[in-house]
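Descriptive analysis of the structure
The chain contents come next:
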Amino acid sequence: MDIQGVVAEGFEPLRDAFVRNFEVLGDRGAAVAVYRDGRKVVDLWGGTRDADGTEPWTEDTAQIVRSATKGVAAAVPLLLHQRGLLDLDAPVGAYWPEFKAGGKERILVRDLLAHRAGVPALDRGLTAAEAADGVSGPRAVAAQHPYWEPGTGHGYHAQTYSWLLSELVLRVTGRTLGSVLAEDIAEPLGLDFWIGLPDAEADAGRVGRVAPVEPPERAGMLRTRPRRNVSEAYADPASLTRRAFAAIDPLPDENAPAYRAAELPASNGIGTARALARFYGATIGVVEDGARIFTPTTTELAAREHSAGPDRVLVVNTRFGAGYMLHGPASPLLSPASFGHPGRGGSLAFADPEAGIGFGYVTNALAKSVTADPRAQALVRALKSAL
């Protein structure tokens, strides 16, 4: 495997693990990047731009990262909070009056970020066109009755997170979440990351195609069977698990130009591993040229536990901060101090303020993993060994 890029002295274990991901664990095209104390120390890429193609992955190849988008999207409401424009302890209905319907008048902004709002699914799944139109999704979650008493428990809002966050940001700022991200975060930091791929980037042909893949026979660790209750929840069309992931039904073509151009903060962010690592580096401190996103107070807020225990959707124990998944058995990160987000099928990005780490891994080979893909985990273990 021809691996391109650079690794600082002491971080060679990541290169070894990255190579093994291709040789043993079934990667087709991927990239990994790490920032340490604001300085880039790992920037590697290899394989093919398209999971089912032959063109090489290049230095600026970008990919859809599915739910790893959520962690980047969460920076927008936290930045608004940091600026005094959004109160996390205010009812959502104070900014979005229609959201009060169905017994949701006491749901707080903080609840949306921590997956405690009780609306992870919809009575009727939206079509891909409805999901992307900017109107149908917010209208549906505003009208939806909660599946549990809001604030009494948590459950992963796999798809509805898109419309909850996007409409809240629109009501507060008059701008879409994707535009705030682009203008207030991505452009100042020089990040190749978009929620709503611009036409110019789509025309440039730098975004690869993703595809589902089966693990190779020799990658036994990828074939580890989930617990029976988890498997049953995903298989049962009536379960809250299945319904949460089917809030867009049928599932959209993630390679379609219309889907990539839409703003879905839960699932369709597109970017590079380098951008993700730099983004998370800037959430915990200053990166190379003096840029940063969060103050120390906001960093602490992002990493502070807001939800923990049985997840009513994922059917495992999960932990969430204010918009970020936290380290735990269901989603191991670098340490208990870490906060970030995995993407179903492989991608992973996080920060670790204690170690000064910003980490990003993206892949076009979408496996069946949900929160703990073996390829990403192999890279995290290699990172631990290098620190």
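About the criteria used
- Residues numbered from 1 in each chain as written.
- Predicted model: local features only at pLDDT ≥ 70, side-chain atom pairs only at ≥ 80, totals over all residues.
- Heavy atoms only, no water.
- Helix = DSSP H or I, 4+ residues; strand = E, 2+ residues; numbered from the N terminus.
- Rg over C-alpha atoms; globule rule 2.2 N^0.38 Å.
- Buried < 20%, exposed > 50% of the residue type's maximum accessible area, 1.4 Å probe, protein only.
- Contact = heavy atoms within 4.5 Å.
- Areas by Shrake-Rupley, 256 points an atom, 1.4 Å probe, with all protein chains shown as cover.
- Pairing = 2+ DSSP bridges.
- Phe/Tyr/Trp six-rings, centres within 6.5 Å; stacked < 30°, edge-to-face > 60°.
- Lys NZ or Arg CZ within 6 Å of the ring centre and 35° of its normal.
- Expected span 1.5 Å × (residues − 1).
- Polar contact = N/O pair within 3.5 Å; in protein donor to acceptor, adjacent residues only side chain to side chain.
- Salt bridge = Lys/Arg side-chain N within 4 Å of Asp/Glu carboxyl O.
- Core = buried A, V, L, I, M, F, W, Y, C linked by side-chain atoms within 4.5 Å.

1. Considerations on the overall build of the chain
Secondary structure assignment for the chain yields 14 helices and 14 strands. A compact globule built from 387 residues would reach a C-alpha radius of gyration of about 21 Å, and the chain, at 19 Å, matches this within 12%. With respect to the principal axes defined by its C-alpha atoms, the chain has extents near 55 × 45 × 40 Å. Out of the 387 residues in the chain, the part that is buried amounts to 60%. A fraction of 68% describes how many contacts in the chain between residues 6 or more apart in sequence connect residues 24 or more apart. With an accessible surface of roughly 14,900 Å², the chain has 50% of that area assigned to carbon and sulfur atoms.

2. Focus: the sheet that holds strand E7 (residues 270-271)
Strand order in the open sheet formed by 3 strands is E4-E7-E5, with antiparallel pairing between adjacent strands. If you trace the sheet from one side to the other, it starts and ends with strand E4 (63-64) and strand E5 (193-194), each paired once. Where E4 meets E7, 2 bridges bridge the pair, whose relative direction is antiparallel. Across the sheet, residue Gln 63 finds its bridge partner in E7, namely Gly 271.

3. A look at the packing of aromatic side chains
One pass over the full model with this rule turns up 10 aromatic pairs. Between the aromatic rings of Phe 18 and Phe 22, the centroid separation amounts to 5.2 Å while the plane-to-plane angle is 90°, which identifies the pairing as edge-to-face. Of this pair, Phe 18 and Phe 22 both sit in helix H1 (residues 12-23), 4 residues apart, which is roughly one turn of that helix. Judged by relative accessible area, Phe 18 falls into the buried class, the value being 0%. The interplanar angle of 35° and the centroid separation of 5.0 Å between the aromatic rings of Trp 96 and Phe 99 together place this pair among those described as tilted. In textbook terms, an aromatic cluster arises when at least three aromatic residues are bridged by ring pairs, as seen for Tyr 156, Tyr 234, Phe 245 and Phe 320. In this structure, Lys 104 is placed above the aromatic ring of Phe 99, and the distance from its NZ or CZ to the ring centre is 4.9 Å.

4. Observations concerning helix H14 (residues 374-386)
Here H14 spans 18 Å end to end across 13 residues, near enough to the 18 Å set by a 1.5 Å rise per residue. Buried residues dominate H14, accounting for 10 of its 13 residues. Along H14, the positions that sit buried rather than exposed are Pro 374, Arg 375, Ala 376, Gln 377, Ala 378, Leu 379, Val 380, Ala 382, Leu 383 and Ala 386. Residues of H14 that are buried sit in contact with H1, strand E2 (29-36), strand E12 (348-352), strand E13 (357-363) and strand E14 (365-366).

5. Notes on the environment of Asp 184
Considering the arrangement of structural elements, one finds Asp 184 in helix H7 (residues 177-189). Linking Asp 184 and Ile 293, residues 109 residues apart in sequence, is a C-alpha distance of 9.1 Å. Not counting chain neighbours up to four residues away, the residues in contact with Asp 184 comprise Leu 79, Arg 83 and Arg 175. One polar contact links Asp 184 to Arg 175, side chain to side chain, over a distance of 3.0 Å.

6. Some remarks on the environment of Phe 320
One can find Phe 320 in strand E9 (residues 317-320). Spatially, the C-alpha atoms of Phe 320 and Ser 335 are 14 Å apart, while their sequence positions differ by 15 residues. Sequence-distant contacts of Phe 320, that is, excluding residues within four places in its chain, are made with Ala 114, His 115, His 154, Tyr 156, Arg 304, Glu 305, His 306, Ser 307, Asp 311, Met 325, Leu 326 and His 341.

7. Considerations on the pattern of salt bridges
The full count for this structure, using the stated rule, is 21 salt bridges. For Asp 89, the salt bridge is made with Arg 110, and the minimal N-O distance between the two is 2.9 Å. In this pair, Asp 89 sits in the loop between helix H2 (68-82) and helix H3 (109-113) while Arg 110 sits in helix H3, placing the two residues 21 residues apart along the sequence. Judged by its relative accessible area of 19%, Arg 110 is buried.

8. Structural notes on unusual backbone geometry
The residue after Asp 249, namely Pro 250, is reached through a cis peptide bond having omega 0°. Here Pro 250 is to be found in the loop between helix H10 (240-245) and helix H11 (257-261). Backbone geometry at Arg 66 places phi at a positive 50°, although glycine is not the residue there. Relative to the elements of secondary structure, Arg 66 occurs in the loop between E4 and H2.

9. Brief notes about the nonpolar core
Counting 81 residues, the largest nonpolar core has Leu 78, Trp 163, Ile 185, Phe 279 and Tyr 324 as the members making the most contacts within it. Per-element tally for this core: the top contributor is H2, with 9 residues. Apart from the residues within four sequence positions on either side, Tyr 324 is in contact with Gly 71, Ala 74, Ala 75, Leu 78, Phe 279, Tyr 280, Phe 294, Ala 302, Arg 319, Phe 339 and Gly 340. In terms of nonpolar packing, the next biggest core, distinct from the first, is built from 28 residues, Leu 14, Ala 355, Ile 357 and Val 380 among them.

10. A few points about helix H6 (residues 161-173)
Given a rise of 1.5 Å per residue, 13 residues ought to cover 18 Å, and the 18 Å separating the end C-alpha atoms of H6 matches this to within 8%. All of the buried residues in H6 are Tyr 161, Ser 162, Trp 163, Leu 164, Leu 165, Ser 166, Glu 167, Leu 168 and Val 169. Lining the buried residues of H6 we find H2, H3, helix H4 (128-132), helix H5 (136-143) and H7. In the segment just after H6, Gly 174 is the residue with positive phi, at about 80°.

11. A word on the side chain of Thr 363
If you trace the backbone, Thr 363 turns up in strand E13. Within the structure, the side chain of Thr 363 is placed 2.6 Å from the side chain of Asp 27, a separation counted as a polar contact. Here Gly 29 takes part through its backbone oxygen, which lies 3.4 Å from a polar atom of the side chain of Thr 363. With residues near it in sequence (within four places) discarded, Thr 363 still touches Asp 27, Gly 29, Ala 30, Ile 64, Val 210, Gly 345, Gly 346, Ser 347 and Arg 375.

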